[in-house]
Amino acid sequence: MDDPYEILGVKRDAKADELKSAYRKLVKLHHPDLNPGKKEAEDRFKAVTAAYDLLSDVEKRGRFDRGEIDASGAESAPERPFYHDYGDAPGGRKYRSSAQFDPDDLASIFGQAFNRRSGGSGAEFSAQGADAYYSLSVSFLDAAMGAKRRLTLPDGQSLDVNIPAGLQHGQILRLAGKGMPGFGKGGTGDALIEVSVAPHAFFRREGRDIHVELPVTLQEAVLGAKVETPTIKGPVQLTVPTHATSGTRLRLKGRGIAGGDQFVTLKVMLPTDEETELDTFLKNWEPHHPFDPRKHMGSK
Amino acid sequence: MKIAAVVALFPDLQQVELTTWIERRFVRPESSCEGEGEWVFHEIDVARVHLIYDLRRNLDVPDDTLPLLLSVLDQLYDLRRKLNAVSDTVAGYPPELRDALMAVIRDGGQADD
């Protein structure tokens, strides 16, 4: 280690406050956390600190002046962590400034720089444009049947999006070349659109199959009937077999999405208004084949 | 590391002063499940206490200027992390492109015409 007086730039008879002010001046210049790009700053800072540690200790300074110890006696200054080692690492994001700059800002900085380069030096820079992310919400039927939707972008432009039939909730559509412009000869980035599918009032989807619960009257359930049921492609006639109970599941082949089926679960609805004839009939009715619908549950 | 151990690293730092730094969000140790006022200092937090200590004790930064300086420093480190990420990415690019980019970063801000 060099002479601590030289390092601090003070005379050998410097007083304590002179030492201190010299030390502070140098620390201001060389603090490595304030000069993260300067590699030599940390070495200078350590040397200055070690020198100050030695000279600010009256006893050590006396021994050094009398030649009892050399300057290396000061080099045992304790190791300390420096913030720049952490601030530069990805973990430094913990102390991310709250004033985040706009990504456009960075792009414009680079854009200007690249344009400037490509102007004269001949070293032309090209880079693929960034992908742009959007989200779009579509109705259940549009997702099932496919549709064309127009997405209005923040900059006022619009993007036509083809929704393929059978699109799933959360699926991401990629529109090649609809993202951010590239630099130089670099192509435009892609637009990535995350699509959310709104639930339907009565259709439910499982893979390519559609499920629907269809309410039927007591007569339709007992006597059988042809009733109209909605499908994703419009209403169709459905045959309800005689003595159909609630929970009976009927299949309409090919009425789902892209070759899937539609399943119709019947739900028998009893009349809500007063029906005295029905009540009277049931009171006097003695079934030919009495049965216990709860037999499988172990009740007697 | 607990607050008492951090304070012990410095000759003249009191727990009260470090607590005000935490309350003012200059340092953000993890709050411990052990209870109110218990913190866990990670390495980055300890390094930051060293930095704030230097700013206050050795660089004479006034108390009301400290947040301003820390904010500017945090922005500097944000940019440095971003630049590091850019240069890591660029390392895999063709040499002529890499050189052009590095030249831009080196000349940064100085008009070259």
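Residues numbered from 1 in each chain as written. Chains lettered and ligands numbered in written order. Predicted model: local features only at pLDDT ≥ 70, side-chain atom pairs only at ≥ 80, totals over all residues.

### A word on the overall build of chain B
When helices and strands are tallied, chain B shows 5 helices and 2 strands. When the helices and strands of chain B are placed in sequence order, the string is α-α-β-β-α-α-α. When the 113 residues of chain B are sorted by exposure, 19% land in the buried category. Restricting to contacts in chain B with at least 6 residues of sequence separation, those with at least 24 account for 29%. (Helix = DSSP H or I, 4+ residues; strand = E, 2+ residues; numbered from the N terminus. Buried ≥ 20, exposed ≤ 12 C-beta atoms within 10 Å, placed from the backbone. Contact = placed C-beta atoms within 7 Å.)

### As for the overall build of chain A
When its secondary structure is counted, chain A shows 9 helices and 11 strands. Sequence separation of at least 24 residues holds for 52% of the intrachain contacts in chain A that already meet a minimum separation of 6.

### So, the environment of valine 48 of chain A
All names here are of chain A. Tracing the backbone shows valine 48 in helix 3 (residues 39-56). A sequence separation of 40 residues divides valine 48 from leucine 8, and the C-alpha atoms of the two residues are 6.4 Å apart. Once residues within four sequence positions are removed from consideration, valine 48 is found in contact with Ile7, Leu8, Tyr23, Leu26, Val27 and His30.

### Describing the sheet that holds strand 5 (residues 191-197) of chain A
All names here are of chain A. Read across the open sheet, the 3 strands follow the order 1-5-4; overall the sheet is mixed. Two strands in the sheet have a free side with no partner beyond their single neighbour: strand 1 (132-138) and strand 4 (172-175). The sheet shows a mean angle of 25° between the axes of neighbouring strands, taken without regard to direction. As paired elements, strand 4 and strand 5 share 4 bridges and run antiparallel to each other. In the sheet register, arginine 174 faces strand 5, and the bridge partner there is leucine 192. (Pairing = 2+ DSSP bridges. Axes fitted to C-alpha atoms, helices over the stretch in contact; angles between N-to-C directions.)

### Considering the interface of chain A and chain B
Buried accessible area, meaning the area lost when the parts come together, often serves as the stated size of an interface. Contacts between the two partners involve 30 residues from chain A, matched on the other side by 28 residues from chain B. At the level of secondary structure, the elements contributing two or more residues to the side of chain A that touches chain B comprise helix 2 (16-30), helix 5 (83-87) and helix 6 (103-120) of chain A. Residue composition of the side of chain A that touches chain B, grouped by class: 12 nonpolar, 7 polar and 11 charged. (Nonpolar A, V, L, I, M, F, W, Y, C, P; charged D, E, K, R; others polar.)

### Overview of the pairing of strand 7 (residues 209-217) of chain A
Residue and element names in this part refer to chain A. Pairing of strand 6 (residues 204-206) with strand 7 involves 3 bridges; the strand directions are antiparallel. The residue of strand 7 that forms the bridge with arginine 204 is histidine 211. From the end of strand 6 to the start of strand 7, which pair antiparallel, there are 2 residues, and glycine 207 there has a positive phi angle of about 60°. Bridge count for strand 7 against strand 11 (residues 262-269) is 8 bridges, and the pairing is parallel. Note on strand 11: the bridge partner recorded for valine 216 is valine 268.

### A closer look at the sheet that holds strand 10 (residues 249-252) of chain A
All names here are of chain A. Reading across the sheet, the 4 strands line up as 6-7-11-10 and stay open at both edges, with mixed pairing between neighbours. The open sheet has two free edges, formed respectively by strand 6 and strand 10, since each of these has just one partner strand. The mean angle between the axes of side-by-side strands here comes to 35°, regardless of whether they run parallel or antiparallel.

### So, the nonpolar core
Burial of nonpolar side chains together is a common tendency in soluble globular proteins. Counting residues in each nonpolar core, the largest one holds 16 residues, and the members touching the most others are Leu8, Tyr23, Leu26, Val48, Ala51 and Tyr52 of chain A. Mapped by element, the contributors of at least two residues to this core are helix 1 (4-8), helix 2 and helix 3 of chain A. At 8 residues, the largest contribution of residues to this core is made by helix 3 of chain A. Sequence-distant contacts of leucine 8 of chain A, that is, excluding residues within four places in its chain, are made with Leu19, Ala22, Tyr23, Leu26, Val48, Ala51, Tyr52 and Leu55 of chain A. The next biggest cluster of nonpolar side chains, apart from the first, holds 14 residues, and it includes Leu18, Phe41, Ile44 and Val46 of chain B. (Core = buried A, V, L, I, M, F, W, Y, C linked by C-beta atoms within 7 Å.)

### Concerning the packing of helix 2 of chain A against helix 3 of chain A
Residues and elements named next belong to chain A. Viewed as axis vectors pointing N to C, helix 2 and helix 3 meet at an angle of 170°, and their least axial separation amounts to 10 Å. Taken together, the axis directions place helix 2 and helix 3 in an arrangement best described as roughly antiparallel. Note that helix 2 runs across helix 3; the crossing there is left-handed. For the pair helix 2 and helix 3, the contacting residues are Ala16, Leu19, Tyr23, Leu26, Val27 and His30 in the first and Ala41, Arg44, Phe45, Val48, Tyr52, Leu55 and Ser56 in the second. (Parallel < 35°, antiparallel > 145°, perpendicular 65-115°, else oblique. Left-handed = near helix turned anticlockwise from the far one by under 90°.)

### Here we look at the confidence of the model for chain A
Averaged over every residue, the pLDDT of chain A is 84; residues scoring 70 or more account for 87%. Overall, residues 117-122 of chain A carries pLDDT values under 50, and its contacts beyond four positions in sequence, including any with other chains, amount to 8 contacts. (pLDDT = per-residue confidence, 0-100.)

### Things to note about the confidence of the model for chain B
Residues and elements named next belong to chain B. Across chain B, the average pLDDT comes to 84, with 89% of residues at or above 70. The spread of mean pLDDT over the elements of chain B runs between helix 5 (residues 95-107), the lowest at 75, and helix 3 (residues 43-58), the highest at 93. Interface confidence in the predicted complex, given as ipTM, is 0.79; pTM for the same model is 0.49.

### Digging into unusual backbone geometry
Leaving glycine aside, a negative phi is the common case for residues, and trans is the common case for peptide bonds. The phi torsion at alanine 258 of chain A lies on the positive side, around 45°, for a residue other than glycine. By C-beta crowding, alanine 258 of chain A is classed as exposed, having 12 other C-beta atoms within 10 Å. A positive phi angle, near 55°, is found at aspartate 60 of chain B, a position not held by glycine. Locating aspartate 60 of chain B in the fold gives a position in the loop between helix 3 and helix 4 (66-90). Looking at aspartate 60 of chain B, the number of C-beta atoms within 10 Å reads 12, which means it is exposed.

### Focus: the pairing of strand 11 of chain A
Where strand 10 of chain A lies against strand 11 of chain A, 4 bridges are found, and the strand directions are antiparallel. Following the sheet pairing, arginine 249 of chain A is matched in strand 11 of chain A by threonine 265 of chain A.

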